[in-house]
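Each chain is listed here by its residues.
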Amino acid sequence: MHSLDKTDTQLLAALCEDPNSTFVALAQKLGLSRNTVQARMARLEESNAFLSFDRRVNPMVLGYQLTAFITVHVQQKRLAQIVAELALIPEIVQAHGMSGPADLLVRVVCRDADDLFRIDGTILACDGVERTETSLAMGELIPFRITPLLESNGTSGAGA
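What counts, and at which threshold
Residues numbered from 1 in each chain as written. Predicted model: local features only at pLDDT ≥ 70, side-chain atom pairs only at ≥ 80, totals over all residues. Heavy atoms only, no water. Helix = DSSP H or I, 4+ residues; strand = E, 2+ residues; numbered from the N terminus. Rg over C-alpha atoms; globule rule 2.2 N^0.38 Å. Buried < 20%, exposed > 50% of the residue type's maximum accessible area, 1.4 Å probe, protein only. Contact = heavy atoms within 4.5 Å. Areas by Shrake-Rupley, 256 points an atom, 1.4 Å probe, with all protein chains shown as cover. Lys, Arg positive; Asp, Glu negative; His and termini not counted. Charge placed at Lys NZ, Arg CZ, Asp CG, Glu CD.

As annotated in an unreviewed UniProt entry, the chain carries the name Lrp/AsnC family transcriptional regulator and is attributed to Cryobacterium tagatosivorans.

So this is what it looks like as structure tokens:
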């Protein structure tokens, strides 16, 4: 990914404020030409600055009322196979490899406690999974956000 300058940061902040902004609206808001905005947006897109759209879809509208975090302990030599199997479970919306006592942190959505029990059982059935520990999310206290990072970076650019 290329280093962000002040204009890139302002463009991203404007998109965070109104994700449906057109290039023309962004250009007017930031005092740039439409061509500049279009070129910068293309460069940001090519450098994978944007996450996939499905991060904006709320699983609750699909009937998944609960979120849980499951730590998964695995046999390391089977990690790739396990991850491939986990990717086939639709209720797993995110997974991270971890340092520390657990190997994976898996975020799942479920309809109710019985559904969570089924999902956990499906994870445990993967060859090479040794055990799981499940925590039910009681509420999202700080939603996913980027604006504070953009504001703290100011004109210094990413990584500064």
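After presenting the structure, the write-up continues.
(A) Up close: the overall build of the chain. In terms of regular secondary structure, the chain is built from six helices and four strands. Start at the N end of the chain and walk to the C end: the helices and strands fall as α-α-α-β-α-β-β-α-β-α. Relative to a compact globule of 160 residues, whose C-alpha radius of gyration would be 15 Å, the chain shows 20 Å and is clearly more extended. Overall, the C-alpha framework of the chain stretches about 55 × 35 × 25 Å when taken along its three principal axes. When the 160 residues of the chain are sorted by exposure, 28% land in the buried category. In the chain, once contacts between residues fewer than 6 apart in sequence are set aside, the share between residues at least 24 apart is 69%. Accessible surface, the chain: about 10,400 Å² in total, of which carbon and sulfur atoms supply 55%. Both charge centroids of the chain, one from 14 positive and one from 19 negative side chains, sit 6 Å from each other.

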